[in-house]
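Descriptive analysis of the structure
As a plain string of letters, each chain reads:
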Amino acid sequence: MSTTTPTVATTPEQVDLAAQEAHAAFLRIADETPSARAARLNTIADALRGHAGELVTLAAADTNLAETRLQGELQRSAFQLDLFAEEVRTGVALDATIDHADPDWGMGPRPDIRRVNVPLGVVGVFGASNFPFAFSVMGGDSASALAAGCAVLHKIHPGHQNLALRTGEIVASALAAAGDPAGLFSLVDGRSAAEALVDHPLVRAIGFTGSTVGGRELFNRASARPVPIPFYGELGSINPVFVLPEAWDSRAEEILSGFAGSFTMGMGQFCTKPGVLFVPDSASEEQLRTGLGSALGQAPLAKLLTPGLRESFGKALEEVASFDGVQPLVPGTDDEVPSPTVLLVDARTAASDPGVLQREMFGPATVVVRYHDVADLPSLAESMEGQLTATIHADAGDSTGALLSALTGIAGRVLWNGWPTGVTVSYAQQHGGPYPATTAPGTTSVGTAAIGRFMRPVAYQDVPDDALPPALQESNPWSIARRVDGVFIPAGEAQ
């Protein structure tokens, strides 16, 4: 396989060769210094920025997305790589921990124990349809796997194939110019290649962002292997928004305007799109229709990302609209470029058949639920499945304790007086949640903590200092952050 123009593996035999080459590349870099690993991420970030104009043009042609949106997404991907690089340099991701031998330890003499995270090996990453940069070829999963020290086999999404191929070439060329081994990053394409990727014994983990049906199929496949592997899947989320009475009374118009902008952003094709809005039943149909109508009239419309997504959206909308008690509040259109649809249902009806609260409509449609008693909101929240996000709009006079506790139980990120669309890349970010939002609720696919998905801890007991990995040696030759005898010591400080 050429390094600068990688062959795209499309058959199980080609995937096998790619996996073997990736494994060999991984072994060559497994013991490298944090600075070398970080430099690789910076190199890729610079390459993406250097080809930004070309890549954005390809992405616009492949996806129907606006160039402004795509420019921001590419910038996010490059920023993410640089942020991960800094995290790698400090050694935080290694979580190096040293417990010196202690004869007076509270439960008896303690041996010398030292633990550090090591990379898993070859990681398979599936590109997402809705974010051609941020969750695709060099998106969060690929970036975090490389930051962990793994090799990456990326499965192209057919919704932006031309972009994926060119991005793969740019990344491979940048890595080759930096002297990295061939096979450290390469591409696979097609269903048979995808299945072979999940099945291959040298592949040690999978990152996936996509549909619940497709993700669950691959998750089951990964779990059924003779040696099961971690499957980090982001599958589906409704992202409910709960508006409490005081907040509604004081700023209903502002809330409806913000909600309209959020659920139509990107034509409703964000994984954090708010799919359900709970409002008090003091909200009349006319107030809701008027408040939403003016904002929806200004929403930019475009084709959905792929014909397949357009078909799935139409089926999901038809299914939700057919639930008993559901009625149109703002009828949309069923055109090739659909205008937004808002459906309305009473909370008691939804509580009797919570399916209306559990069917994701991936596109410009949402449901407004009117509730009678704020005390009913926690049970309504608990009737929903696992979510990436949940949002509360409340003012000082609103009682939120029980609702906040309920949402903490179902969501990975809880927002206050905001909107879930827009997921910043940062240290504290959590982009995950209970199933079916993700298959691994203890992890995140966004933020620096995402690196940890593709590492595993190894402890060394009473191993001589000169035989230990550098991260655990007494002199700390890499000058990384470590926890020594319970005390956190920042990178660069004497230990």
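To keep things clear, this report deals only with the structure shown in the data block.

Rules and cut-offs
Residues numbered from 1 in each chain as written. Predicted model: local features only at pLDDT ≥ 70, side-chain atom pairs only at ≥ 80, totals over all residues. Heavy atoms only, no water. Pairing = 2+ DSSP bridges. Helix = DSSP H or I, 4+ residues; strand = E, 2+ residues; numbered from the N terminus. Axes fitted to C-alpha atoms, helices over the stretch in contact; angles between N-to-C directions. Contact = heavy atoms within 4.5 Å. Expected span 1.5 Å × (residues − 1). Phe/Tyr/Trp six-rings, centres within 6.5 Å; stacked < 30°, edge-to-face > 60°. Lys NZ or Arg CZ within 6 Å of the ring centre and 35° of its normal. 1 Å grid on protein atoms, 1.4 Å probe; cavity = no way out; pocket = protein on both sides within 12 Å on 5 of 7 lines; lining within 4 Å. Points joined across faces, edges and corners; volume = space filled by probe spheres on them. Nonpolar A, V, L, I, M, F, W, Y, C, P; charged D, E, K, R; others polar. Buried < 20%, exposed > 50% of the residue type's maximum accessible area, 1.4 Å probe, protein only. Right-handed = clockwise from strand over helix to strand, strands pointing away. Arc of directions from axis to C-beta. Patch = residues over 30% accessible without salt bridge, like charges linked within 9 Å, V, L, I, M, F, W, Y side chains within 5 Å. Areas by Shrake-Rupley, 256 points an atom, 1.4 Å probe, with all protein chains shown as cover. Salt bridge = Lys/Arg side-chain N within 4 Å of Asp/Glu carboxyl O.

Sheet strands pair by backbone hydrogen bonding; their relative direction is either parallel or antiparallel. A sheet is described by the order of its strands in space; here seven strands give the open sequence β10-β11-β12-β9-β8-β13-β14, paired in mixed fashion. Whereas interior strands pair on both sides, the edge strands pair on one side only; in this sheet they are β10 (327–330) and β14 (411–416). Ignoring strand direction, the axes of neighbouring strands in this sheet form an average angle of 25°. Sheet strands touched by helix α14 (residues 401–410): β8 (241–243), β13 (387–393) and β14. Its angle to β14, the strand with the most contacts, is close to 145°.

What follows covers helix α1 (residues 12–29). Residues that lie three or four places apart on an α-helix share one face, since the helix turns once every 3.6 residues. Compared with an ideal rise of 1.5 Å per residue, which puts 18 residues at 26 Å, α1 spans 26 Å between its outermost C-alpha atoms and is within 8% of the ideal. Residues of α1 that are buried make contact with α2 (34–50), β2 (113–119), β3 (122–126), β4 (151–155), β5 (185–188) and α7 (191–199).

Turning our attention to the packing of aromatic side chains. Within the structure shown, the criterion is met by nine aromatic pairs. Ring pairing ties together the aromatic residues Phe126, Phe208, Phe219 and Phe231, which thus form one cluster. Positioned over the ring face of Trp105 is Arg110, at 4.3 Å from the centre of the ring. Its end group placed over the ring of Tyr232, Arg453 keeps NZ or CZ at 5.8 Å from the ring centre.

A word on the layout of surface pockets. Estimates place the volume of the largest pocket at around 1,300 Å³. Along the wall of the largest pocket there are 45 residues; nearest its centre are Gly210, Ser211, Thr212, Val213 and Gly214. Every element with two or more residues in the lining of the largest pocket is listed here: α7, β6 (203–209), α8 (212–223), α11 (307–321) and β13. Looking at the lining of the largest pocket element by element, the count peaks at six residues for α11. Taken together, the residues of the lining of the largest pocket sort by class into 18 nonpolar, 18 polar and nine charged. In this structure, the second largest pocket occupies an estimated 450 Å³ of space.

Regular strands have side chains that alternate between both faces of the sheet. Counting buried residues in β4 gives five out of five residues, a clear majority hidden from the surface. Burial along β4 is two-sided: the residues Ala151, Leu153 and Lys155 and Val152 and His154 are all buried. Two strands pair when backbone bridges link them, and β3 and β4 are joined in this way by five bridges, in the parallel orientation. The residue bridging Val122 from the neighbouring strand is Ala151, located in β4. What joins β3 to β4 is helix α5 (residues 140–148), and the crossover it makes is right-handed. Note: β4 against β5, four bridges, orientation parallel. The residue of β5 that forms the bridge with Leu153 is Ser186. In this region the chain leaves β4, passes through helix α6 (residues 161–177) and returns to the parallel neighbour β5; the handedness of that crossover is right-handed.

As a further point, take α8. With 12 residues, α8 should reach 16 Å at 1.5 Å per residue; the first-to-last C-alpha distance of 16 Å fits that figure. If you check which residues of α8 are buried, you get Gly215, Leu218 and Ala222. The buried side chains of α8 occupy one side of the element, clustering within an arc of 70° when seen end-on.

On to a nonpolar patch on the surface. A surface patch of nonpolar side chains, about 250 Å² in accessible area, is lined by Leu404, Val414 and Trp416. Topologically, Trp416 is positioned in strand β14. The exposure class assigned to Trp416 is partly exposed, which follows from its relative accessible area of 44%.

Counted under the stated rule, the structure contains 24 salt bridges. Between Asp95 and Arg115 there is a salt bridge, with its nearest N and O atoms 3.5 Å apart. Separated by 20 residues along the polypeptide, Asp95 in the loop between α4 (67–90) and β1 (97–99) and Arg115 in strand β2 bring together distant segments of the chain. Look at Arg115 and you get partly exposed, because its relative accessible area is 34%. The network of salt bridges with common partners includes Arg191, Glu195, Asp199, Glu217 and Arg221.

Here we take up unusual backbone geometry. The phi angle of most residues is negative, glycine excepted, and most peptide bonds adopt the trans form. The omega angle of the peptide bond from Tyr435 to Pro436 is 10°, so this bond is cis rather than trans. Among the structural elements, Pro436 can be located in the loop between β14 and β15 (455–461). Although it is not a glycine, Met267 sits at a positive phi angle of roughly 60°. Locating Met267 in the fold gives a position in the loop between α9 (245–264) and β9 (276–280). The class for Met267 is buried, based on a relative accessible area of 4%. Its identity is not glycine, yet Asp462 carries a phi of approximately 55°, on the positive side. The residue Asp462 is located in the loop between β15 and β16 (482–484) in this model.

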